[in-house]
Amino acid sequence: MMAFYLQRLLEIFPFFLKGLWMTVVVAGLGLSFATIFGFLLGIMRSSKKKLLTWPIGVYVFVIRGTPFVVQIFIIFFILPEWGIQLDAFPAAVLALSILGAAFICEIVAGGIKAVDQGQWEAATASGLSIFQQLRFVIVPQAMQTILPPLVGQYVLLIKDSSVVSVIGVVELTRVGWMTVVRIPEGLMVFSLVGILYFVISYPLIRVSNSLERRMAVQEVRL
Amino acid sequence: MTMIKFEDVNKWFGKLHVLKNINLQVEPGEVVVICGPSGSGKSTLIRCINRLEKFQKGKLIVDGTPLHDHGINLTKLRADIGFVFQQFHLYPHMTALQNVTLAPINVRKIKKKEATRLGRETLARVGLADKVDSHPAQLSGGQQQRVAIARGLAMNPKIMLFDEPTSALDPEMIGEVLDVMVQLAKEGITMCVVTHEMGFARQVAHRVIFMDEGQLVETGKPDQFFKNPQTDRAAQFISKILTH
């Protein structure tokens, strides 16, 4: 029986690849938007202006304090009641962007705050505008602190993207669900799902680890 | 025209009154040394000149710009004032040359090629022609501080401000930094220097200003100030740094 199911599973493997592709697309788009907004929010959050940091703090607090699946439900099922109707795919990308931006915002703000205050003063004193200070002096230095946890966060968010299966986006996890109805070997099916997630995450984990090592080496040198 | 003019400037950090009715004029080309015990407000005083610090009361006019007004062009003002920090604050991810050319390229909008030529020239002026491609971490403290001075000079500033430029240096490196500063002073650039280096003050300062507890206590020519201070507080301070 095992062999039979295994063969069936191989037959529908292209279906899994489609699911994998959808996961890559949803996660790829979600992470891109999350990165852009996460950096913008993180930079604003690191400022000293309460009017700027306070609302962002509330946003981060709410997003980090509620389950992702609930956030997706709100976007997909509750927003339509206020006239905002989204298909499953854009709703999934939006939800992942909002989630990711909250986490990335904190990482970025932390990295910027870790840059020595004297760097701001030196850049200010030389007449650079606030944007030039960030672009040439502050962010490049903050990136050393930001990158390792950022890549780590990407891995977490890719795995979190499995949750969008609940609103019917046919990504990897959803493919698993649909397959297990026809091939009732749960362990086999979801092992395959797990392996495919690992295939995307593993390179990123490696990148994150090597970045962390490089950071540690640099600290020793300084 | 007076380069820097303080008129009854007052500043508070919360409840702490750090600058009390400061009145001071610095003429173009003048070299002024500011000394006093720590916490006397001397760093705060020069940090007001390029508005790294705000002040709450009084008037301060720098190169014709009234700093007490709202909506002044701070970027323009700061571009014309070089500032050298006690802890150098070089940009660690850039080479010495990049440190020096960053502001000329992005603030003065000088073409990169021209800025590079200018940057090399400026680094040569502080004796670091062979260190253009070094990163700060590869340089000694004295070399780093000279890069920091070059970074200020590359903007062709009207005023150079120094906030205890030799206090973070090992004794054997103080000389090389002071030599560069002496050279600048002789070139006629307006300088305000917070320092306890009496040798430097004697050699090039036109005026020494003594501060204590946020007040400008005494001002005079270096020789007269050191030999014959007019106030007890200044006399006490001088005897302390001389016996030190």
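Residues numbered from 1 in each chain as written. Chains lettered and ligands numbered in written order. Predicted model: local features only at pLDDT ≥ 70, side-chain atom pairs only at ≥ 80, totals over all residues.

Asker: Give me the lowdown on the overall build of chain B, citing residues and values where you can.
Answerer: Secondary structure summary: chain B contains nine helices and 10 strands in total. Its C-alpha radius of gyration of 18 Å places chain B within 12% of the 18 Å reference for a compact globule of 244 residues. Over its C-alpha atoms, taken along the principal directions, chain B stretches across nearly 55 × 45 × 35 Å. Taken across its 244 residues, chain B has 46% of its residues classed as buried. Looking at chain B alone, contacts between residues at least 24 apart form 64% of all its contacts between residues at least 6 apart. (Helix = DSSP H or I, 4+ residues; strand = E, 2+ residues; numbered from the N terminus. Rg over C-alpha atoms; globule rule 2.2 N^0.38 Å. Buried ≥ 20, exposed ≤ 12 C-beta atoms within 10 Å, placed from the backbone. Contact = placed C-beta atoms within 7 Å.)

Asker: Please provide a residue-by-residue account of the overall build of chain A, values included.
Answerer: Within chain A, the regular secondary structure consists of nine helices and zero strands. Of the regular secondary structure in chain A, the N- to C-terminal order runs α-α-α-α-α-α-α-α-α. Each principal axis of the C-alpha atoms in chain A carries an extent, and together these give about 75 × 50 × 25 Å. Looking at chain A as a whole, 32% of its 222 residues are labelled buried. At a minimum sequence separation of 6, the contacts of chain A that also span at least 24 residues come to 78%.

Asker: Account for the interface of chain B and chain A, with residues named and values stated.
Answerer: Listed as interface residues are 19 residues of chain B and, on the opposing side, 16 residues of chain A. At the level of elements, α2 (74–79) and α3 (96–106) of chain B are the ones that each hand at least two residues to the side of chain B that touches chain A. Taken together, the residues of the side of chain B that touches chain A break down into 11 nonpolar, six polar and two charged. (Nonpolar A, V, L, I, M, F, W, Y, C, P; charged D, E, K, R; others polar.)

Asker: Run through the nonpolar core, naming residues and quoting values.
Answerer: Judged by nonpolar contacts, the single largest core of 119 residues is most densely connected at Leu-96 of chain A together with Ile-34, Leu-161 and Met-191 of chain B. For this core, the element with the highest residue contribution is helix α5 (residues 88–113) of chain A, accounting for 16 residues. Setting aside residues no more than four positions away along its own chain, Leu-96 of chain A makes contact with Val-26, Ala-27, Gly-30, Ala-34, Leu-157, Ser-161 and Val-164 of chain A. The next biggest cluster of nonpolar side chains, apart from the first, holds five residues, and it includes Leu-172, Val-175, Val-189 and Val-193 of chain A. (Core = buried A, V, L, I, M, F, W, Y, C linked by C-beta atoms within 7 Å.)

Asker: Account for the sheet that holds strand β8 (residues 190–194) of chain B, with residues named and values stated.
Answerer: Residue and element names in this part refer to chain B. With mixed pairing, the six strands of this open sheet are ordered in space as β6-β7-β8-β3-β9-β10. Sheet topology places β6 (81–84) and β10 (215–220) at the edges, where each strand pairs with a single neighbour. Averaged over all pairs of adjacent strands, the angle between their axes in this sheet comes to 15°, without regard to strand direction. The sheet contact formed by strand β7 (residues 159–163) and β8 spans five bridges and is parallel. By the bridge assignment for β8, Met-160 is matched with Met-191. Sheet strands in contact with helix α5 (residues 141–153) are β6 and β7, and its direction is about 170° off that of β6. (Pairing = 2+ DSSP bridges. Axes fitted to C-alpha atoms, helices over the stretch in contact; angles between N-to-C directions.)

Asker: Go over the packing of helix α2 (residues 13–45) of chain A against helix α7 (residues 130–160) of chain A with me, naming the residues and quoting the values.
Answerer: Residue and element names in this part refer to chain A. Between α2 and α7, the least distance of the axes is 11 Å, while the angle of their chain directions is 140°. Taken together, the axis directions place α2 and α7 in an arrangement best described as oblique. As for how α2 packs across α7, the hand of that crossing is right-handed. Of the residues in α7, those touching α2 at Ala-27, Gly-30, Leu-31, Ala-34 and Ile-43 are Leu-134, Tyr-154, Leu-157 and Ile-158. (Parallel < 35°, antiparallel > 145°, perpendicular 65-115°, else oblique. Left-handed = near helix turned anticlockwise from the far one by under 90°.)

Asker: Please set out α3 of chain B residue by residue, giving values where relevant.
Answerer: Burial analysis of α3 of chain B places eight of its 11 residues in the buried class, which makes it a mostly covered element. Close packing links the buried residues of α3 of chain B with α7 of chain A together with α4 (112–125) and α5 of chain B.

Asker: Give me the lowdown on the confidence of the model for chain A, citing residues and values where you can.
Answerer: For residues with low pLDDT, the predicted coordinates do not support detailed interpretation. On average, chain A scores 90 in pLDDT, and the residues at 70 or more come to 97%. Of all helices and strands in chain A, the one with the weakest mean pLDDT is helix α1 (residues 2–11) of chain A (82), whereas helix α6 (residues 117–125) of chain A scores best (96). (pLDDT = per-residue confidence, 0-100.)

Asker: Quick one: what's the story with the sheet that holds strand β4 (residues 57–62) of chain B, residue by residue and with numbers?
Answerer: All names here are of chain B. Strand order in the open sheet made by the four strands is β2-β1-β4-β5, with antiparallel pairing throughout. Only two strands of the sheet have a single neighbouring strand rather than two, namely β2 (16–26) and β5 (65–66). Sheet topology note: the β4/β5 ladder contains two bridges and is antiparallel. Its bridge partner being in β5, Val-62 is matched across the sheet by Thr-65.

Asker: If you had to explain unusual backbone geometry to someone new, which residues and values would you point to?
Answerer: Residues and elements named next belong to chain B. Here Asp-63, not a glycine, exhibits a phi torsion of approximately 50°, which is positive. Relative to the elements of secondary structure, Asp-63 occurs in the loop between β4 and β5. Its identity as a non-glycine residue notwithstanding, Asn-156 has a phi of 50°, on the positive side. The residue Asn-156 is located in the loop between α5 and β7 in this model.

Asker: Please set out the packing of α3 of chain B against α4 of chain B residue by residue, giving values where relevant.
Answerer: Residues and elements named next belong to chain B. Interaxial distance between α3 and α4 falls to 9 Å at its minimum, and their mutual angle equals 130°. Judged by the inter-axis angle, α3 sits oblique to α4. Here α3 and α4 pass one another in a crossing that is right-handed. In this structure, α3 contributes Ala-96, Leu-97, Val-100, Thr-101, Pro-104 and Ile-105 to the contact, and α4 contributes Lys-112, Ala-115, Thr-116, Leu-118, Gly-119, Arg-120, Thr-122 and Leu-123. Class assignment for the residues of the contact of α3 with α4 results in eight nonpolar, four polar and two charged.

Asker: Tell me what's going on with the confidence of the model for chain B, and back it up with residues and numbers.
Answerer: Taken as a whole, chain B shows an average pLDDT of 93; of its residues, 100% reach a score of 70 or greater. Taken over the whole predicted complex, pTM reads 0.88, whereas the ipTM for its chain interfaces reads 0.92.

Asker: Please provide a residue-by-residue account of the environment of Glu-212 of chain A, values included.
Answerer: Residues and elements named next belong to chain A. Looking at the element boundaries, Glu-212 is found in helix α9 (residues 186–221). When the 15 C-beta atoms within 10 Å are taken as the criterion, Glu-212 is described as partly exposed. Along the sequence, Glu-212 and Gln-144 sit 68 residues apart, while their C-alpha atoms lie 9.1 Å from each other.

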